[in-house]
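Breakdown of the fold
The primary structure of each chain is shown beneath.
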Amino acid sequence: KQFESVKEQYSFAQLATHDREATWKAVAEYFPPAASAENLRHSRLAMKGLARYYLDNERYSEALPLYEKLADAEPSEREFRLIGLIGQAVVYDHQGNKPKVLECLAQVQPYLDSLPPTLGDYLDEKLKTLIQTYAQQGEEDLAVRTAEKLLANRGAPGDGRFVSGALLNVAHVRFNQG
């Protein structure tokens, strides 16, 4: 079903409970990204939703190119670049490709100074999980640098769950380092 505006089309995709893949794809199909900045933004948001749908359904080979495309957004689109990099790291982790996960985590670091609030709980949680996982696998320096930077920039008042999680990650690794 086509709606009047790209915002309505995107909202429909977010709320859909059936045929989710098609509803996510419909955003860019009915409202071509090249037609306007608003269409481009909502098609990228829909791409994020579709990639998440693929992850949730263990369709990693379909999620990866979407995250790659998001990571290749213009430098001014930090939000989508970060979503793409974290998404790639999650996919590579599911595929057991540790070198690629570490490469993605290293690329995420420059963006940690200004994480967008639209990153979402899912990718936020996945990033913290990856940091902890790789810290436990001997990648302490990268994991601690990333967690400390996240803590410094996201540890705002009212974000107690995030702050306590990041503190635990850093303390765990620092304690194990002796």
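Position numbers for residues start from 1 in each chain and track the written sequence from start to end. Residues qualify for local features only when their pLDDT is at least 70, as the model is predicted, and side-chain atom pairs are given and counted only at 80 or more; totals for whole chains, interfaces and linings, by contrast, use all residues. Heavy atoms throughout the structure, all of them, feed into the side-chain values; hydrogens and water do not.

Considerations on the overall build of the protein chain
Strands here mean DSSP runs of E at least two residues long; helices mean DSSP runs of H or I at least four residues long; both are numbered from the N terminus. Regarding its fold elements, the protein chain presents 9 helices and 0 strands. Taking all 178 residues of the protein chain together, 44% fall into the buried category. We call two residues in contact when some of their heavy atoms are within 4.5 Å. Within the protein chain, residue pairs in contact and separated by at least 24 positions form 56% of the contacts whose partners lie at least 6 positions apart. Note on areas: these come from Shrake-Rupley sampling with a 1.4 Å probe, and a residue is covered only by the protein chains present in the view. For the protein chain, the exposed surface amounts to about 9300 Å²; the carbon and sulfur share of it is 51%. Under the scheme applied here, a residue whose accessible area is under 20% of the maximum for its type counts as buried, over 50% as exposed, and between as partly exposed, the area being computed with a 1.4 Å probe on protein chains only.

Side note on the nonpolar core
We define a nonpolar core as any set of buried Ala, Val, Leu, Ile, Met, Phe, Trp, Tyr and Cys residues linked to one another through side-chain atoms lying within 4.5 Å. Tyr-67 and Ile-86 are the most contacted members of the largest nonpolar core, which totals 44 residues. For this core, the secondary structure elements donating two or more residues are helix H1 (6-15), helix H2 (20-30), helix H3 (37-56), helix H4 (60-71), helix H5 (78-94), helix H6 (98-108) and helix H7 (121-136). Top contributing element to this core by residue count: H5, with 9 residues. In contact with Ile-86, not counting residues within four places along its chain, are Val-108, Leu-119, Leu-123 and Leu-127.

A word on unusual backbone geometry
Keep in mind that most residues, glycine aside, have a negative phi and that most peptide bonds are trans. A positive phi is found at Asp-19, a non-glycine position, where the angle reads about 50 degrees. Here Asp-19 shows up in the loop between H1 and H2. Since its relative accessible area comes to 57%, Asp-19 is described here as exposed. Unlike most non-glycine residues, Glu-58 shows phi in positive territory, near 55 degrees. Relative to the elements of secondary structure, Glu-58 occurs in the loop between H3 and H4. Taking the relative accessible area as the measure of exposure, Glu-58 reaches 60% and is therefore exposed.

Quick look at the layout of surface pockets
Empty space within the largest pocket amounts to approximately 320 Å³. If you trace the largest pocket, you find 16 residues lining it, with Tyr-10, Lys-48, Gly-49, Arg-52 and Tyr-122 closest to the centre. Where the lining of the largest pocket is concerned, the elements lending two or more residues are H1, H2, H3 and H7. With 6 residues, H3 is the single largest residue contributor to the lining of the largest pocket. A cavity, in this analysis, means grid points on a 1 Å lattice covering only the protein atoms where a 1.4 Å probe fits yet has no way out; a pocket is instead an open set bounded by protein on both sides within 12 Å along at least five of seven lines, and a residue lines either one if it has an atom within 4 Å of a point. Grid points are joined across faces, edges and corners, and a volume is the space filled by probe spheres set on the points.

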